[in-house]
Amino acid sequence: MSGPAPSSSPRGILLCGYYGEHNLGDDALLEVLNKQLPRGWQPWITAHDPSAVQTIVPNGTVVNRRSLKSVLYSLKHVQVVVLGGGSLLQDSTSFRSLVYYMILIVVSRIKRKPVLLWGQGLGPLKHPWSRYLVGRVLNRTRSITWRDSASMQLAKRIGIKTSMSEAPDPVWTHQTNDYQGGGNIVLCWRPTRLLTASGWSLLLGAVDQLRESTGLSVTWFAFHANQDANLLKTLNEQGLVPHGLEANSSTIIAKNIEHAQNIFSDASLVIAMRLHALILSIVSQCPTVGLSYDPKVEAAARTAGVPWLDLTHLPNLERVVLQWKECMSHSPATSRLQRIRQQAYEHERALRSSLKEL
């Protein structure tokens, strides 16, 4: 491969992810990834809503992520492809999504475009054919950084031999505002099939008791605008929201990362199902509790040493309320957070090292 192009003609790099879908977690990943790119690289970004992405990366060229044909066509303009954060390689959402990324990797390699995986989570891969396909295709990539040990171990089990490393999610490196506290209880919740009506009632009852005992209002912070914004309304229509909680609740849709930072830096407690809401809240030094609908949430909470609950094995109401009350008086440990942040920079080190070799 030829040497670096002159600085007046930057090389193209395709950043592939679940960007521009009004999910603030993926936008946070994109912001971190863009900041970690060395000078001399022009980002092309797969996204659905161009305006959401161009706010974060004004100089980026947006490619319609929902059109595989458009994404593959964009390969002619770039020298390298990066799968940038999230759980892109899984078959729980749909097998089609997994095939999409497998095709992208294979065509990129046919066209002699190196493929890097940055800050990825792997799985779930429920079907044997999925595990076989991922194992074969990822061995054609140049380097991989996983965001958790479970992904790393799964990669080894399915036979991936590519150069790999493991580090905490890249969003742990995000800079945030100073913590002020004293504001609302903030819920970053999402719809989930793991909770029956009784499970929702337990959690909502616990929030209501906490609200009443502290005199605080409750902010339902929709991290994923399309999925989370109507959650309070839906639960209320099902008769699950206590009257006092409904009367003292408001829903706010996340506008951007700065908006989230302001919300978290002011909150008295954040109760988060969303992975990157959990991470950004902890980075903001806000008292934080995790609600694990997926092992990735539990893993992040364990990494930071903050309390969490498994949605499939909830304790009784009294224990939930007690855990949350105790958490409100304890901010995440600064020393532990600094260690996590330093480890998370491994994604940047690996990315820059790989790009330097091209």
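Residues numbered from 1 in each chain as written. Predicted model: local features only at pLDDT ≥ 70, side-chain atom pairs only at ≥ 80, totals over all residues. Heavy atoms only, no water.

Things to note about the environment of Pro128
Convention followed: Only DSSP runs of H or I covering at least 4 residues are called helices, and only runs of E covering at least 2 are called strands; the numbering of each starts at the N terminus.
Tracing the sequence through the fold places Pro128 in helix α5 (residues 128–138). A sequence separation of 30 residues divides Pro128 from Ile158, and the C-alpha atoms of the two residues are 9.8 Å apart.

What to know about the layout of surface pockets
How we decide: The distinction between a cavity and a pocket rests on a 1 Å grid over the protein atoms alone: a 1.4 Å probe fits inside a cavity but cannot get out, while a pocket stays open yet meets protein on both sides within 12 Å along at least five of seven lines, and a residue with an atom within 4 Å of a point counts as lining. Grid points are joined across faces, edges and corners, and a volume is the space filled by probe spheres set on the points. All amino acids are sorted into three groups, where Ala, Val, Leu, Ile, Met, Phe, Trp, Tyr, Cys and Pro are nonpolar, Asp, Glu, Lys and Arg are charged, and the leftover types, Gly among them, are polar.
Each pocket or cavity is described by its volume, and for the largest pocket that value is around 1600 Å³. Taken together, 48 residues line the largest pocket, and the ones lying closest to its centre are Ser87, Gln90, Ser92, Thr93 and Lys296. The set of elements that each furnish at least two residues to the lining of the largest pocket consists of α1 (24–36), β4 (80–89), α4 (95–110), β5 (115–122), α6 (149–157), α12 (275–283) and α13 (295–304). When residues in the lining of the largest pocket are grouped by element, the largest group, five residues, is from α6. Of the residues that constitute the lining of the largest pocket, the class distribution is 16 nonpolar, 18 polar and 14 charged. The calculated volume of the second largest pocket comes to roughly 260 Å³. Lining the second largest pocket are 17 residues, with Leu24, Asp27, Ala52, Lys255 and Asn256 sitting closest to its centre. Counted by class, the lining of the second largest pocket contains nine nonpolar, four polar and four charged residues.

Considerations on the pattern of salt bridges
Going by this rule: The salt bridge criterion pairs a side-chain nitrogen of Lys or Arg with a carboxyl oxygen of Asp or Glu, the two atoms within 4 Å. Partly exposed residues are those whose accessible area sits between 20% and 50% of the maximum for their type, while under 20% is buried and over 50% is exposed, using a 1.4 Å probe and protein chains only.
Summed over all chains, the structure comprises eleven salt bridges. Close ionic contact of Lys35 with Glu31 constitutes a salt bridge, the shortest N to O distance being 3.4 Å. Linking Lys35 with Glu31, this pair stays in helix α1, spanning four residues, or about one helical turn. Owing to a relative accessible area of 57%, Lys35 belongs among the exposed residues under this scheme. Taking relative accessible area as the criterion, Glu31 reaches 17% and is therefore assigned buried. The closest approach of N and O atoms between Glu357 and Arg142, which form a salt bridge, is 3.5 Å. Linking Glu357 in the segment after α16 (346–356) with Arg142 in the loop between α5 and β6 (143–146), this pair joins segments that are 215 residues apart in sequence. With a relative accessible area of 54%, Glu357 lands in the exposed category.

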